[in-house]
Amino acid sequence: MSAIELASGIGASPRPSGVRRPRLRALGSTALGLGTIVPLAVLAIALAWAVAPGLFTSASPTESVGAALQAPSIEHWFGTDSTGRDLFARVVYGASQSITAALLAVGVGLVFGLLIGVVAGAVGGLVDEALMRVVDVLLAIPTLLLSLSVVILLGFGTANAAIAVGVTSVAVFARLSRSQVVGVRASEYVEAAYGSGGTFFGVLRRHILPNSLTPVIALAALQLGSAILQISTLGFLGYGAPPPTPEWGLLIAEGRNYVATAWWITTLPGLVVVAIVLATNRLSRAIGARSATGGS
Amino acid sequence: MTPIALLRRVGQALLVLVLAYTGAYILLAALPGDAVMARYGSPELGLSEAQLAEIRATYGADRPPLVRYLESIGAFLRGDLGYSAQSGAKVSDLLAEALPSSLALASIALVGAVFLAVVIAFTASYGRGAWLRRVFRNLPPLFVSLPVFWVGIVLIQVFSFKLGLIPVIGASEAQSLVLPALTLMVPIAAPIAQVFLRSIDEVREQPFVAVTQARGASTSWLLWRGVAPNALLPVLTMAGLLFGELVGGAIVTESVFGRTGIGHLTAQAVANRDTPVLLAVVVIATVVFVTINLVVDLLYPLLDPRLRQRTGGSRRDASVAPTAPISQEAAA
Amino acid sequence: MNASIANAATAAVRPATAPQAGAAPAGGAQVSGASPASAPLLSIRDLVVQYRTERGTVDAVRGVGFDVEPGRVTAVVGESGSGKTTVAQSVMGLLASNGRIAGGSIVLSERRLGTTELVGLPERRWQDLRGRCIGLIPQDPGNSLDPVKSVGRSISESLRIHGRPSRGEVRDRVHALLEQVGIDDPIRRARQYPHEFSGGMRQRVLIAAAIANNPELIIADEPTSALDVTVQRTVLDLIDRLREETGTGVLFITHDLAVAADRADTVVVMRGGEVQEEGPSARVLAHPASDYTRQLMDDAPSFGHVLVRERARPSDPERAGSADAGGATDKPDATDEPDAAGAAGASAPLLEVRGLRQRFGRGADAFVAVDDVSFTVARGTTHAIVGESGSGKTTTGRAIAGFAKPSAGSIRVDGSEITGLRGRALREFRRKTQLVYQNPYGSLDPRLSVGQTLLEPLRNFGIGARSEHADRVARALELVALPTDFAHRRPRELSGGQRQRVAIARALIIDPELVVLDEAVSALDVTVQAQILRLLAELQDELGLTYVFISHDLAVVRQISDTVSVLQRGRQVEHGETERVFADAQHPYTRRLIDAIPGRSLASGHWVI
Amino acid sequence: GEGESSGGGTLTYLEPQTWITLYPPQGGFYPNGGVINQITDRLLWQNPETLELEPWIAAELPEVNADATEYVFKLREGVTYSDGTPLDAENVVKNIDLFGKGDPDRGLPVSEAINNYDHGEVVDEHTVRFVFSAPSPGFAQAVSTINSGLLSNATLDRTSEEFGPGNATEIIGSGPFVIEDEKIGSELSLKTREDYDWAPESREHQGAARIDGVDFIVASEASVRVGTVVSGQADVARTIPAPDEKQFDADGLGLVAAATNGVDNSLNFRFGHPLLQDIRVRQALIAGIDREAIVDTLFTENYPLATGILAKSARGYTDTSSFYVYDQDRAKQLLDEAGWKPGADGIREKDGQKLELTFNEALPQPRSKEVVTLIQEQLAEIGVGVKIFPGDQVAQDEAQRSLDTIQVFHSMVGRADFDVLKSQLYSGNRNALVNKNPDTGQISDPELDRLLAAIASVPTTEEREAASAAAQQYIADQAYVLPLFEEPQVFGLRDAVQGFTTESIGRPSFYDVTLEG
Ligand SMILES: Nc1ncnc2c1ncn2[C@@H]1O[C@H](COP(=O)(O)OP(=O)(O)OP(=O)(O)O)[C@@H](O)[C@H]1O
Ligand SMILES: Nc1ncnc2c1ncn2[C@@H]1O[C@H](COP(=O)(O)OP(=O)(O)OP(=O)(O)O)[C@@H](O)[C@H]1O
Ligand SMILES: [Mg+2]
Ligand SMILES: [Mg+2]
């Protein structure tokens, strides 16, 4: 799914300051404390989970520890899942799988999307036309079909599911980066760079790319969350991580049948994902604001 | 739009249609199993290998894919959508059943999503109190990370089962749309709100907003008559791209609420390798997608007078209209 | 309307300022029909404004105080960043959200509501005052009109905000206002959108909007700095007339002393957030009390001679810009040619433009931006291109710098044709020819530091050894009088003038032969402008550079150029030696341009002390 | 009461899936069968309680010759289809001819339940004879199942497509309900047939059904099905997940767990695969799986632990529970004996090969993935690796046919006849053990096939019982199958729904139902 968001976003083009109105954000940055530290902490914890899950829980993610569907308690913070495994342990151990998968998914979308978008935007003309039609096709084909086919072509497993999800976001990244590149390409500093003797690739690398990236990165940050959810859809259809691998998306998706009786099974892992998405999004906004003000 | 430009667009649309059709065909063929398998392969039927082979031959499923592909195109051109390989139902019947319900759901969800997005964006940028604004600013990323099925199930649990406000079963046509539309609104409203918010952020820094304020405008005047109309273009672009989201979200929504619809049909067709149904869905989806984007293109000049006469934005316009070039390009 | 009453009153009220505007006696008594002489319309006392920033609190305005009398103009002049806009914003109650009035008072004595303390006024009451009692004419006409609203709606906005007039009333008033600000065909124009208006027209629309409710105080924040002289004059005349007719007080912010001299009754000179000097303009400008005012006067091209540069010596034909023979045959009436034959015989000029034509768009949309422009520029001289906004100056400059392929005509640099250069040849050409953009902000990559920006051409052209690069960058910065440690700054951290200097440094760092300077100084305050003009002159002397200098400011052009082309709507209506053109303009358009140069009153000694 | 009907209200019934065809031989798919059961009658009635066959459309039980190759049925008179055409001998022959032979040209497969069918004959207007090429002892039961639901002549002429969605109202049976309206993919409205008067005699209710009709509604989300019934928006819902059962403990709610009377939910060890050829390995797997733990963790008392390959209530059931004792030590010992030594990662190895098996995920079976996941955990403890084959239903169906992809096949079959065992395991039927390798055509264990074939070829009930018992014993001895639990069909309903019954394998029947309040 998600977010072409920011289509015009974050990398607000620099504008001569006629009437000087400072960004609200600059104001908030006196409160840099909470606004940045909390998201950083959230991400740090998630990464720590991914790297050393054993430090955070003594329970095994793949072994039953008691009755199924226990409610959250001191012993089992997130309760137990439908086969009696400690849900918190599964969430903690799932971090490495899920974060890698989400990064992979976003990475695939980002890299290929950028490639298509940048080439289309920078070269223009027929190449642009052709690439954009391909992107249209990608957008028109149902994502479910697209991602299922990709998984099956590549083989099963989380990594491949992630790639499949990434493929479905290529089109969106491509459109966004193209529109950015087209805008930047027309700017005077790019022309000035040619004037300074730059070659096509030199200018592309030094000027066009760096200046087009901010909103694309912001989209990527947002995409992180929906990637986890999309991978879960594939997992739910039987094309994701094989059991007993804990993987966040799957934890969320498999808990759906217990929303009424054991709400925590879906909700708690879901909240973890929400926290991470909010954190990355906040950070990407901060980075966007920072680089827009010159990163002093 | 000149006749030539229109022709060009139609040509492009046809090209996209053919490519999407072919792409869908190939992708579906790549999935394991085929339609005969999907229909007769279930162990519950207890058919033996030999019996399956016989049926396969009857349906011509043993012929080369290319031949079948060409035939399917031929049939399409004749307007014959064929029969569902899974159930044998007429594809046209399936569509006739699914389309109206999907359209109703999608359009209500879209309208609702736009409304929700506007509320979020406005509150986040002009709401009373920094705290309120901050909360609303975080809504779009929050919405993006909420699983659609979760939203649907929770809405049902709360509004239907706990509060008994809206029955899920036996509801009137209007009632039955409320919860699914709300569910679908969440994933759609998020990106619209996000884009709108960013766009407002950008527009409100424009000098003309301060000038309007200097004329004594109140906050609501400023927002509705100054900022909003200028911030709309990127939102419109989004709407064009959101189409995929709409279908994707509908798959889950329709299955949670047990509605028929294009999303449900798509999921079923993929699950059952139901080529005829899927191709029909792809064709319809592509046509709608292309049409939406055409409409979006035609709307640009209505919303932004600067785009009225020119065909291609000049270098100069980029500096005059900061929001315009992006939308223009994204739509190209 | 009370225009006629006010009109009758102002004839007596207005003191002498601009001789060309009227012949009222000097030092007339301060009388006003509307408010008692004791209470000025606007009175600012000890105003302190602070901005909260990441690096702490900035005192942008420190204890500023002055008055604006009804029917009079108070001009606030001063260098960029001196706090002028901040004062204006304080009076409008529209300080940036991180700004705060930390002390002082602003009192508005208004006809209807009487005396109001503006500091600490609740937002509701502000909304009532703004647009009704106080009108703002913003600094930048380009971005100050809502691009998706028709001009008529923008003008009527303050009417609709303050009260609920009927549709018909609004329409009539809008048409009347448009007429008042001198826009023809108001019925059609009201339906058009800002992008269909020229800069001057937009500025007039903004004035119309500002006066729609007959405000008693108008704040005009640099209303003309972006305009060419003719438009500038129209706009200033308009404000003058308004003041005369309605007795409105005007707070006029500018960095252009000449404008202040022409139009203001009182001048407030600001620097670094403080008032340096204040008084009747006649006194302040004739006998400046502070050094700073004196420096401002010296730097203003309209008053002093900024340049200590030798004019092209007539005796030396190589340095004299010469008219082009081809152009002469095309337009024999437009130019007279002082020494065409001599120049042509002496040496080949560096730049030769012949029959340049640039068309944009296709079919019915086609628009000819430059139509048959021809001139030559000798090595080591400066050729100016002047003309109103949109006359094709930038387009010509870009074609010369190889950034646009002209539709027709030829451009030869150093004897070789440059139109149609591609690839390697084009890059080679760019080693010799550089362009300094009209907009220094847009032409610098916001992500690169100044040092990186300056390094780029060196690396691209492989000039000098790697080890020398840092040195060269430092030298280039010195050349444009920027501290060496600016190499680490990013464009955002520079003031407009500094950016412009970086852009110039980038052009000069590769030792080009020909530099096209597109309005390189127009956006700068006089002090910086003077600095840069001096720099350019020095470089020309030392290195023998050749300039194509594009400007709408004739005062500057007159001082620095050897030859000049005057463009009007893409056509070259006059061209020749600068002195000759200024002394004896042939074309009426040229004469109009020259007449519109502000400050002539002072420079030509008309000023009565 | 007799004969009276109507005024009873319309019942709302929730199905997890959409029906895909109303061709009776394809009624094995639950959503199909659920509809067919309401709109068709059969020649015989299998009493769900006793599993005895009783007359229905056949006026009496059939006459069968000694080797069960000829059946003669006398038909009840006055039975009509809902389109008014009579249900006569000619029509019955036409029905069974189609079901027994299928018609590949129309895409209509043969019925799984009918074996060795040769042809049918009209003896007189109300008598039919069916002739078989070989003994077909299961035929009487076969004509009592929904796979043999009787259809009008016009309906029998339809093609496979014409049995599909969009055509429901034109599928004409003689049953107590008639399909009145269809919303493709989501809803089916059934109306009570007022002149219905040929219910099986043993049913306490006769005449037209007591309710006005039934609305079949598709609700694929389990939580929605549960919630709608619990909140009183619907009357009956099929497939209540085990964890949700406790919600039906509340007042005014109830559960019906209908037995499916066939092969239990079990694991089939495909002994043709090199890893499973050694009986000690299979025995080790059985000893290494704690079935009780699985049932306790995942299910409820409605899912009784299996004590044999067949359900207790199934025909021919034999208790083989002694073969399925959980004993980890024994399992390890067996594996050691078989030469499988623990490897570095804990999974046993022999000759460089790992003892790693792929299980399918039986999507139609309740919580199959969780079952296999628990088994994965348990078998890991004895050093056996378990993988779950990924993929959706079609992919699973395709994969399960091959020995190379699936070595342990999780499945069940519901059918209340001796035949069911053969159906599941015989190489010419479902071939669940892949006794016959589809790639090579080779049969790994001819003895198994022989024993299974016997069940369907000996004519008398006693003989069949014996044959079935022999086969079960053999399978248990060989450790081919590990039965897990007896799989029920669990319906959740409101107390107001009275008289809700199911036919012999758990398809709902609304004929007797009344709605109170
Ligand atoms: N929003 C702001 N936040 C922080 N500093 C500000 C802000 N606005 C203005 N300043 C600073 O306050 C000082 C006065 O700015 P102001 O805009 O009033 O100058 P000005 O005289 O109008 O200059 P110019 O001629 O360039 O328009 C400057 O040093 C400027 O950097
Ligand atoms: N790329 C372009 N496409 C279409 N029209 C253009 C383009 N560039 C310039 N023009 C038009 O050509 C005319 C001349 O523009 P040019 O920029 O040369 O004017 P100028 O004399 O530099 O004006 P200014 O003083 O405002 O900079 C203008 O009407 C402008 O709108
Ligand atoms: Mg200012
Ligand atoms: Mg220009």
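Residues numbered from 1 in each chain as written. Chains lettered and ligands numbered in written order. Predicted model: local features only at pLDDT ≥ 70, side-chain atom pairs only at ≥ 80, totals over all residues. Heavy atoms only, no water.

An unreviewed UniProt entry lists chain C under the name ABC transporter ATP-binding protein, from Leucobacter ruminantium.

Another aspect to go through is the sheet that holds strand 15 (residues 348-350) of chain D. One open sheet accounts for three strands, arranged 14-15-16 (chain D); its pairing is antiparallel. Where the open sheet ends on each side, the last strands, each with one partner, are strand 14 (341-342) and strand 16 (353-354) of chain D. (Pairing = 2+ DSSP bridges. Helix = DSSP H or I, 4+ residues; strand = E, 2+ residues; numbered from the N terminus.)

The subject of this paragraph is the pattern of salt bridges. Counting across every chain of the model gives 53 salt bridges over all chains. A salt bridge links arginine 215 of chain B to glutamate 157 of chain C; the shortest N-O distance between them is 2.9 Å. Taken together, the residues span two chains, with arginine 215 of chain B in the loop between helix 10 (207-214) and helix 11 (219-241) and glutamate 157 of chain C in helix 4 (residues 151-161). The residues arginine 215 of chain B and glutamate 157 of chain C share a single accessibility class, namely buried. The partner of arginine 132 of chain C in a salt bridge is aspartate 128 of chain C, with the nearest N and O atoms 3.3 Å apart. What makes arginine 132 of chain C buried here is its relative accessible area of 14%. A single network of salt bridges, built from pairs that share partners, joins Glu129, Arg133, Asp136 and Arg175 of chain A together with Arg8 of chain B. (Salt bridge = Lys/Arg side-chain N within 4 Å of Asp/Glu carboxyl O. Buried < 20%, exposed > 50% of the residue type's maximum accessible area, 1.4 Å probe, protein only.)

Attention now moves to the interface of chain B and chain C. If you look at the interface, chain B gives 28 residues, while chain C gives 29 residues. Summing both partners gives a buried area of about 2400 Å² for chain B against chain C, and 54% of it is carried by carbon and sulfur. Considering only the side of chain B, the residues that lose the most area to chain C are Ala214, Arg215 and Trp221 of chain B, jointly responsible for 27% of the buried surface there. Where chain B meets chain C, there are one salt bridge. Linking chain B with chain C are seven residue pairs in polar contact (both at pLDDT 80 or more). No other element matches helix 10 of chain B, which puts seven residues into the side of chain B that touches chain C. (Contact = heavy atoms within 4.5 Å. Buried area = accessible area lost by both parts, 1.4 Å probe. Polar contact = N/O pair within 3.5 Å; in protein donor to acceptor, adjacent residues only side chain to side chain.)

The next point concerns helix 13 (residues 461-478) of chain D. Residues and elements named next belong to chain D. Here helix 13 contains 18 residues, and its C-alpha end-to-end distance of 25 Å stays within 8% of the 26 Å for a straight helix at 1.5 Å per residue. Among all positions of helix 13, only Arg464, Ala467, Ser468, Ala471, Gln472, Tyr474, Ile475 and Ala476 are buried. Packed against the buried residues of helix 13 are helix 11 (419-425), helix 12 (446-455) and strand 20 (481-485). Positioned one or two residues after helix 13, alanine 479 has a phi angle of 55 degrees, which is positive. (Expected span 1.5 Å × (residues − 1).)

Counting residues in each nonpolar core, the largest one holds 255 residues, and the members touching the most others are Leu145 and Trp248 of chain A, Phe196 of chain B together with Leu267, Phe359, Leu379 and Leu421 of chain D. Those residues within four positions of leucine 145 of chain A in sequence are excluded, and the remaining contacts are Ala24, Leu27, Leu28, Leu31, Val270 and Leu278 of chain B. Judged by nonpolar contacts, the second largest core, of 67 residues, contains Val35, Trp56, Ala209 and Leu493 of chain D. (Core = buried A, V, L, I, M, F, W, Y, C linked by side-chain atoms within 4.5 Å.)

We now examine a nonpolar patch on the surface. On the surface, Val111, Phe112, Leu115, Val119, Val123 and Val127 of chain A cluster together into a nonpolar patch covering about 500 Å² of accessible area. Mapped onto the elements of the fold, valine 123 of chain A is located in helix 3 (residues 87-123). (Patch = residues over 30% accessible without salt bridge, like charges linked within 9 Å, V, L, I, M, F, W, Y side chains within 5 Å. Areas by Shrake-Rupley, 256 points an atom, 1.4 Å probe, with all protein chains shown as cover.)

The share of residues in chain C with pLDDT of 70 or more is 81%, and the mean pLDDT across the chain is 78. Contacts for the low-pLDDT stretch residues 308-346 of chain C, under 50 throughout, to residues beyond four places or in other chains number 59 contacts. (pLDDT = per-residue confidence, 0-100.)

Let's shift gears to the site of ligand 1. Around ligand 1, the structure places 17 residues, and the nearest of them are Ser80, Gly81, Lys84, Thr85 and Thr86 of chain C. With respect to ligand 1, the chains having nearby residues are chains A and C. A distance of 3.0 Å is found between a nitrogen atom of ligand 1 and a side-chain nitrogen or oxygen belonging to asparagine 98 of chain C. Side-chain polar atom of glutamate 222 of chain C to an oxygen atom of ligand 1: 3.3 Å apart, as the coordinates give it. Starting from 630 Å² of accessible surface for ligand 1 in isolation, the protein chains cover 79%. (Near = heavy atom within 4 Å.)

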